[in-house]
Amino acid sequence: MNLNFNNKSYPSLAEFIQAERENTGSLYGKRMEFAHNIDSTVIKALEATHVQKAMNKLADLLVNLQSGTEISSGIVIDANNFPEIYGILRHCCKTLGISIPHGVVSSRMPGINAYASGTVDNPYLLISDLSTHLLTKEELTFIIGHECGHLAMEHLVYHMIGRQLTQLGQLVPVIGPMLVQVVNLPLATWSRYSEITADRAGFLCCGDLRTAQRALMKLESSFANVSNVDLDTYIDQSLESLENMKLGAMQEYLLDHPLTPKRLKALQYFNESELYYRVTGKEVLPGVNLLPDSVLKEKIDELLTVLK
């Protein structure tokens, strides 16, 4: 079912998927390959038709409750309003093999931020207005590619429902938060792995490791100037502090996103892997030793494990 908005028709993600399965020029057919194995396993388990229908109905309601104002009042991303951003969005969707979602630039979103919302049939992409001013074209490509990665993997429905469960749990005194944590802890763990998948998608869209890492740093720092930050030193220092001092381990266990230095390191591992070269078809230069799939998985799992 097409989505009609402002006299324009946007093909649904579901309608576009079947054709893209046979499109060798996109990465849609490889999405389960470049995804982290935990993420892809969960998504495959949730692909049952009856599960998807129930989740999509609930997600449609949640979109209206959570994002309706931002979507309806934001400025539509198209060739007339934001030609450069629209070009980036088209590039990312073509790279990942998905249809172009209804995108808007919103002043109601704080800081440097972007997120995907909606369902497989009616996907939305929201970008904060500050992101369009403070990120370079290449950094925007990573950020938009990251969100398109969530769309390609169909994460957004389950992420949205997980967030809503947390909010509902706060309404029930004492027992509510306890019950929510029983459900939310596994969801939070999966969500952290799904962010690794989406980061890989953004990296595949922008095509440059440092650009991807710098974009993530800007998301972390917001208005701070990180142009001169040595990324390798930052990663090493942060990971050393996390390992030796166990700083914030319990808090991290409840987060639905990995900590930024871990995401930066995970991208570095992916860039050095056989998987990256296999997915992109890039030629491996003589003498370059790449991480086999098993080693890549081991390193990412070790990186994301919070309570050891």
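Reading guide: rules and limits
- Residues numbered from 1 in each chain as written.
- Predicted model: local features only at pLDDT ≥ 70, side-chain atom pairs only at ≥ 80, totals over all residues.
- Heavy atoms only, no water.
- Helix = DSSP H or I, 4+ residues; strand = E, 2+ residues; numbered from the N terminus.
- Buried < 20%, exposed > 50% of the residue type's maximum accessible area, 1.4 Å probe, protein only.
- Contact = heavy atoms within 4.5 Å.
- Areas by Shrake-Rupley, 256 points an atom, 1.4 Å probe, with all protein chains shown as cover.
- pLDDT = per-residue confidence, 0-100.
- Salt bridge = Lys/Arg side-chain N within 4 Å of Asp/Glu carboxyl O.
- Core = buried A, V, L, I, M, F, W, Y, C linked by side-chain atoms within 4.5 Å.
- Expected span 1.5 Å × (residues − 1).
- Phe/Tyr/Trp six-rings, centres within 6.5 Å; stacked < 30°, edge-to-face > 60°.
- Polar contact = N/O pair within 3.5 Å; in protein donor to acceptor, adjacent residues only side chain to side chain.
- Pairing = 2+ DSSP bridges.
- Axes fitted to C-alpha atoms, helices over the stretch in contact; angles between N-to-C directions.
- Parallel < 35°, antiparallel > 145°, perpendicular 65-115°, else oblique.
- Left-handed = near helix turned anticlockwise from the far one by under 90°.

K.L.:
Any chance you could break down the overall build of the protein chain for me, citing the residues and the numbers?
P.N.:
Tallying secondary structure elements over the protein chain gives 16 helices and six strands in all. Burial analysis of the protein chain (308 residues in total) assigns 49% to the buried set. Considering only contacts in the protein chain between residues 6 or more positions apart, those separated by 24 or more positions represent 69%. Here the protein chain has roughly 15,000 Å² of accessible surface; of this, 55% comes from carbon and sulfur atoms.

K.L.:
Describe in detail the confidence of the model for the protein chain, supporting the description with residues and values.
P.N.:
Put simply, the protein chain has an average pLDDT of 79, and 71% of its residues get 70 or more. Helix α14 (residues 260-271) holds the highest mean pLDDT among the elements of the protein chain, 97, whereas helix α1 (residues 13-20) holds the lowest, 51. Residue range residues 168-176 is modelled with pLDDT below 50. Its contacts to residues more than four positions away, or to other chains, number five contacts.

K.L.:
Give me the lowdown on the pattern of salt bridges, citing residues and values where you can.
P.N.:
Scanning the model with the defined rule gives five salt bridges in all. A salt bridge links D199 to R263; its shortest N-O distance comes to 2.8 Å. Of the two residues, D199 is situated in helix α10 (residues 175-206) and R263 in helix α14; the sequence distance between them amounts to 64 residues. In this structure, D199 and R263 share a single accessibility class: buried. For R278, the salt bridge is made with D293, and the minimal N-O distance between the two is 2.7 Å. Here the residue R278 occupies a position in helix α15 (residues 274-280), and D293 occupies one in helix α16 (residues 293-304), the gap between them amounting to 15 residues.

K.L.:
Describe in detail the nonpolar core, supporting the description with residues and values.
P.N.:
Soluble globular proteins tend to pack their nonpolar side chains together in the buried interior. Judged by nonpolar contacts, the single largest core of 58 residues is most densely connected at F34, I85, F142, I144, C148 and F203. The residues contacting I85, other than those within four sequence positions of it, are I77, V105, I127, T132, L140 and I144. Within the second largest apolar cluster, five residues are counted, among which are I71, M109, Y124 and L126.

K.L.:
An account of helix α8 (residues 137-153) is requested, with residue identities and associated values reported.
P.N.:
In this model, α8 (17 residues) spans 24 Å end to end at C-alpha, consistent with the 24 Å of a helix rising 1.5 Å per residue. When you tally the buried positions in α8, you get 15 out of 17 residues, the bulk of the element. Two residues or fewer past α8, E154 is found with a positive phi of approximately 60 degrees.

K.L.:
Hey, could you go over the packing of aromatic side chains for me, with residue numbers and the actual values?
P.N.:
A ring pair, where both rings are aromatic, is described by two values, the distance of the centres and the angle of the planes. What the rule picks out here adds up to four aromatic pairs. With 6.0 Å between their ring centres and 75 degrees between their planes, F203 and F270 make a pair best called edge-to-face. Within this pair, whereas F203 is found in helix α10, its partner F270 is found in helix α14, the two being separated by 67 residues in sequence. According to the relative accessible area criterion, F270 is buried, its value standing at 0%. Cluster of aromatic residues (ring-pair linked, three or more members): F203, F270, Y276 and Y277.

K.L.:
Please set out the side chain of S194 residue by residue, giving values where relevant.
P.N.:
With respect to the helices and strands, S194 occurs in helix α10. Of note is the side chain of S194, whose polar atom sits 2.7 Å from the backbone oxygen of S191.

K.L.:
Kindly report on the environment of K94, identifying the contributing residues and their values.
P.N.:
By the element assignment, K94 lies in helix α6 (residues 83-96). Judged by its relative accessible area of 67%, K94 falls in the exposed class.

K.L.:
Tell me about the sheet that holds strand β4 (residues 102-106), residues and numbers included.
P.N.:
One open sheet accounts for four strands, arranged β3-β4-β6-β5; its pairing is mixed. On the outer flanks of this sheet lie β3 (75-76) and β5 (114-118), each paired with one strand and no other. Direction of pairing for β5 relative to strand β6 (residues 123-128): antiparallel, over a ladder of five bridges. Note on β6: the bridge partner recorded for S117 is Y124. Docked against the sheet, α8 engages β5 and β6, running at close to 25 degrees with respect to β5.

K.L.:
Can you tell me about the packing of α6 against α8, naming the residues and giving the values?
P.N.:
At a minimum axis distance of 9 Å, the contact between α6 and α8 shows a crossing angle of 45 degrees. Considering their axes alone, α6 and α8 lie oblique with respect to each other. The handedness of the crossing between α6 and α8 is right-handed. Facing α6, whose interface residues are E84, I85, I88, L89, H91, C92, C93 and L96, α8 presents K137, L140, T141, I144, G145, C148 and G149.

K.L.:
Quick one: what's the story with the pairing of β4, residue by residue and with numbers?
P.N.:
For β4, a buried count of five out of five residues is recorded, marking the element as mostly surrounded by other parts of the structure. The two faces of β4 match: H102, V104 and S106 on one face and G103 and V105 on the other face are all buried. Summarising the sheet, β3 and β4 pair through two bridges and their orientation is antiparallel. Residue I75 lies in a different strand from β4, and its bridge partner there is V105.

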